[in-house]
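Residue-level structure breakdown
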Amino acid sequence: MLRADSVTYLHDRGGGAAPPLLPDAGRFAQPGVQGVTLRVERGHVVGILGPNGSGKTTLLRLLAGMLRPESGTVTLNGRDLASLARPALARSIAVVPQETHLAFDYSVLEIALMGRYPHLGTFELEGPRDVAIAREALAATGTLALERRSFATLSGGEKQRVVIASALAQQAEILLLDEPTASLDLGYQFDVAALLARLNRERELTIVVATHDLNFAASLCRSIVMLSEGRVVAAGPTGDTLTSMSIQALYGVVADVYPHHAAGHLTVVPLRRVRRD
Amino acid sequence: MTDVRRRLTAAILAFGSLAFVSVLAAPLIGTTPISLRRVFDGSIPFADNVDAQIFFIARLPRALAGAAVGATLAAAGVVFQALLRNPLATPFTLGVSAGAALGAMLAITLRLHLSLWGVSAVTAASFIGSLGAVAIVYAMARARHRGFSTNILLLAGVTLNAFFSALILFVQYLADSAEALRTMRWLMGDLDIAGYGPLLAALPLCAVAFVAFAWLPRPLNLLSLDTDAAASRGVDVLRVQRVAFFSASMATGAAVSLGGPIGFIGIIVPHLVRLIVGADHRVVLPASALFGAAFLVAADVVARTAMAPVELPVGIITALVGGPFFLWLLVRQR
């Protein structure tokens, strides 16, 4: 079980109001989170919702152990993430970013094999077992046929599935995804949602996914955490949390929420914009 | 045998024999022809064996220097390109060579003629200059963030290059023409070293850097994904960036103080090697080092013989080959 206990990360170092000079400086000026408490049970799928700048990505980075909380703790099965070495952490928690841009052109299999990093010694080369695990991960995401292809030549949906395969090759029990469908067309969005549901069902993979896509969250998540300005404003089972009222409070949009029988899950239909309060 | 092991073995055998042959063959070529058989003929005492003397005393140090400088610059190029996540980076992008040039030029202009253990004042000053540049760029990259901003690293390096170049021109303007000419020659890159002394002085520094280079390839592969992606797969990103920056900078400083700022090796070689072996740094880095050695030794043979008896600075040859190649690379990149 992954849990955060009143985690705060503001990284406002006082007077840091100057705008970043360069694009990558922006990552140091992301929105913070304050006093966030949440539990992710083993085998659950949890969605993190919230408007832009509400701290979703920061929360994911805290849950992944990539950021250390300024106060509060993040624990995995009772152990503080801060006490775990990076490779050990990576063997338990894998992360899939929104988009991946490579500096150099690797093959699909090479990308999947990168997931084996935390399992190998400093000078160790991948053995047949690592290759088998990587290929199995590619097979699970339906990308094994692409293994010899160069990553740069893939479509957005193929890339995202290969990156998920690379995370699967880490053999972690928890998968964190940051807006995995944000840059994908409808077909690929559907593929990724189906893939995650299957991975959860067949491998009992615990999944935490930050997303703007309410229907994607409704179809996939057992429970929802809503963030606004770095604080949790609602949390609980999807059916109780994803309501017209909470959506209006979160996004300032009046929406209809009803169970869709053919889809088999809640459906959100946005109706009109109102002022947020 | 897995794929990477097979490719690594093949690349080391192929590029290694290329480097070995070039180092062995280069000293045989020159205005005075010598024969390999007579060089290694044990029946003639060394004092009487002119061929062996030319081979071991006059030409081999230069070939070895070429191999060391070529290997170091090519490997440093690979590391800088991965560190900055920019295929167009070179070992000189961050101002190391400009700092070295400024140091060398000050030593030349101030006529420092001391030498210690075969290391001239110019060599020592250029190495100190490169360290100064490294320190400034690193301080800049750390100043604004708790992290390590590669964008600021790039910007600081480019700015420092321009600033040092202006200082070099300024001092050159004030210097008399003999010194200005020596500085110019130094800036063109030249492997005409006297004996084994400078080589032995530079070698420990390069060796330390290559130990770091042996550790780097796997984390560098992951850095090519993204720093966050690397961190989530267990890479200590900050430590890798620091080791990569300092080892590659130090190696570059040592290579430049030995042979001058010989351009383009650090970019042509890694790219050619990637075209052949793919992007995996575990193969690219050793293959680039070996191919860089072979490439620079060969370029130096051309420099020595193309207009004999006039010797061209080897930097002109590498730039003549490298310039058009670099442009082709730029156009080819989408």
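Structure: above.
Residues numbered from 1 in each chain as written. Chains lettered and ligands numbered in written order. Predicted model: local features only at pLDDT ≥ 70, side-chain atom pairs only at ≥ 80, totals over all residues. Heavy atoms only, no water.

Regarding the overall build of chain A
Scanning chain A from terminus to terminus reveals nine helices and 12 strands. Its C-alpha atoms give chain A principal-axis dimensions of roughly 55 × 50 × 40 Å. In chain A, which comprises 277 residues, the proportion classed as buried is 53%. For chain A, the proportion of contacts with a sequence separation of at least 24, taken over those separated by at least 6, is 67%. (Helix = DSSP H or I, 4+ residues; strand = E, 2+ residues; numbered from the N terminus. Buried < 20%, exposed > 50% of the residue type's maximum accessible area, 1.4 Å probe, protein only. Contact = heavy atoms within 4.5 Å.)

Focus on the sheet that holds strand E1 (residues 2-9) of chain A
All names here are of chain A. Judged by pairing direction, the sheet is antiparallel, and its four strands sit side by side in the order E2-E1-E4-E5 without closing on themselves. At either margin of the open sheet sits one strand with a lone partner, and together these are strand E2 (33-40) and strand E5 (79-80). Bridge count between E1 and E2: five bridges; the pairing is antiparallel. Across the sheet, the residue bridging to valine 7 is valine 36, located in E2. (Pairing = 2+ DSSP bridges.)

As for the side chain of His44(A)
Its place among the elements puts His44(A) in the loop between E2 and strand E3 (45-49). For His44(A), the contacting residues outside a window of four places in its chain are Asn200(A), Leu205(A), Thr206(A), Ile207(A) and Arg222(A).

Observations regarding the packing of helix H12 (residues 265-277) of chain B against helix H13 (residues 281-305) of chain B
The description of two packed helices rests on the angle between their axes and on the distance between the axes. Residue and element names in this part refer to chain B. Between H12 and H13, the least distance of the axes is 9 Å, while the angle of their chain directions is 125°. As far as their axial angle goes, H13 and H12 are oblique. Here the hand of the crossing between H12 and H13 comes out right-handed. Across from Ile265, Ile268, Val269, Pro270, Leu272, Val273, Arg274 and Val277 in H12, the residues of H13 making contact are Val283, Val284, Ala287, Ser288, Phe291, Gly292, Phe295 and Leu296. (Axes fitted to C-alpha atoms, helices over the stretch in contact; angles between N-to-C directions. Parallel < 35°, antiparallel > 145°, perpendicular 65-115°, else oblique. Left-handed = near helix turned anticlockwise from the far one by under 90°.)

So, helix H7 (residues 177-188) of chain B
Residues and elements named next belong to chain B. Relative to the 16 Å expected for 12 residues at 1.5 Å per residue, H7 spans 17 Å between its end C-alpha atoms, a close match to the ideal helical length. Taken as a whole, H7 has its buried residues at Glu179, Ala180, Thr183 and Trp186. Along the axis of H7, the buried positions cluster into a sector of 120°, meaning they face one direction only. More than 90 degrees from the buried face of H7, the exposed residues found are Ser177, Ala178 and Leu181. Buried residues along H7 sit against helix H4 (96-109), helix H5 (121-143), helix H6 (150-174) and helix H11 (237-259). Where H7 begins, the side chain of aspartate 176 points an oxygen toward the backbone nitrogen of alanine 178, at a separation of 3.1 Å. (Expected span 1.5 Å × (residues − 1). Arc of directions from axis to C-beta. Polar contact = N/O pair within 3.5 Å; in protein donor to acceptor, adjacent residues only side chain to side chain.)

Points about the sheet that holds E3(A)
Residues and elements named next belong to chain A. One open sheet accounts for six strands, arranged E6-E7-E8-E3-E9-E10; its pairing is mixed. Both outer strands of the open sheet, strand E6 (93-96) and strand E10 (231-237), are each paired with one neighbouring strand and no more. Along the sheet, successive strands turn relative to each other by an average axial angle of 15°, direction set aside. Inspection of the sheet shows strand E7 (residues 174-178) paired to strand E8 (residues 206-210) by five bridges, in the parallel sense. The partner of isoleucine 174 across the bridge, within E8, is threonine 206. The sheet strands contacting helix H5 (residues 156-168) are E6 and E7, and the helix crosses E6 at an angle near 170°. Across the sheet, helix H9 (residues 244-251) touches E3, strand E9 (223-228) and E10, and the angle it forms with E9 is around 30°.

Comments concerning the side chain of Thr93(B)
All names here are of chain B. Note that threonine 93 resides in the loop between helix H3 (50-83) and H4. The buried category is assigned to threonine 93, whose relative accessible area is 14%. Residues within four places of threonine 93 in sequence aside, it is in contact with Leu154, Gly157, Val158 and Asn161.

What to know about the environment of Met245(A)
All names here are of chain A. For methionine 245, the position within the fold is in helix H9. On the accessibility criterion, methionine 245 (69% relative accessible area) is exposed. A sequence separation of 11 residues divides methionine 245 from aspartate 256, and the C-alpha atoms of the two residues are 9.5 Å apart.

Considerations on the interface of chain A and chain B
Listed per partner, the contact involves 47 residues of chain A and 41 residues of chain B. Together, Phe104(A), Tyr117(A) and Leu125(A) form the three largest contributors to the area buried by chain A at its contact with chain B, with a combined 21%. The tally of links from chain A across to chain B stands at five salt bridges. Among the salt bridges present, the one from Arg7(B) reaches Glu110(A), with a minimum N-O distance of 3.3 Å. Inspection of the chain A/chain B interface yields 12 residue pairs in polar contact (both at pLDDT 80 or more). Every element with two or more residues in the side of chain A that touches chain B is listed here: helix H2 (86-92), E6, helix H3 (108-114), helix H4 (128-140) and H5 of chain A. Tallied by class, residues from the side of chain A that touches chain B come to 28 nonpolar, nine polar and 10 charged. (Buried area = accessible area lost by both parts, 1.4 Å probe. Salt bridge = Lys/Arg side-chain N within 4 Å of Asp/Glu carboxyl O. Nonpolar A, V, L, I, M, F, W, Y, C, P; charged D, E, K, R; others polar.)

Comments concerning unusual backbone geometry
Residue and element names in this part refer to chain A. Even without being a glycine, glutamine 171 presents a positive backbone phi close to 55°. With respect to the helices and strands, glutamine 171 occurs in the loop between H5 and E7. One non-glycine residue, glutamate 229, lies in the positive phi region at around 50°.

Things to note about the packing of helix H1 (residues 3-25) of chain B against H13(B)
Residue and element names in this part refer to chain B. H13 packs onto H1 with a crossing angle of 15° between their chain directions and a minimal axis gap of 8 Å. One finds that H1 runs roughly parallel with respect to H13. Relative to H13, H1 is oriented so that their crossing is left-handed. Of the residues in H13, those in contact with Val4, Arg7, Leu8, Ala11, Ile12, Phe15, Gly16, Leu18, Ala19, Ser22 and Val23 of H1 are Arg282, Val283, Pro286, Ala287, Leu290, Phe291, Ala293, Ala294 and Val297. Here the contact of H1 with H13 is built from residues that sort into 16 nonpolar, two polar and two charged.

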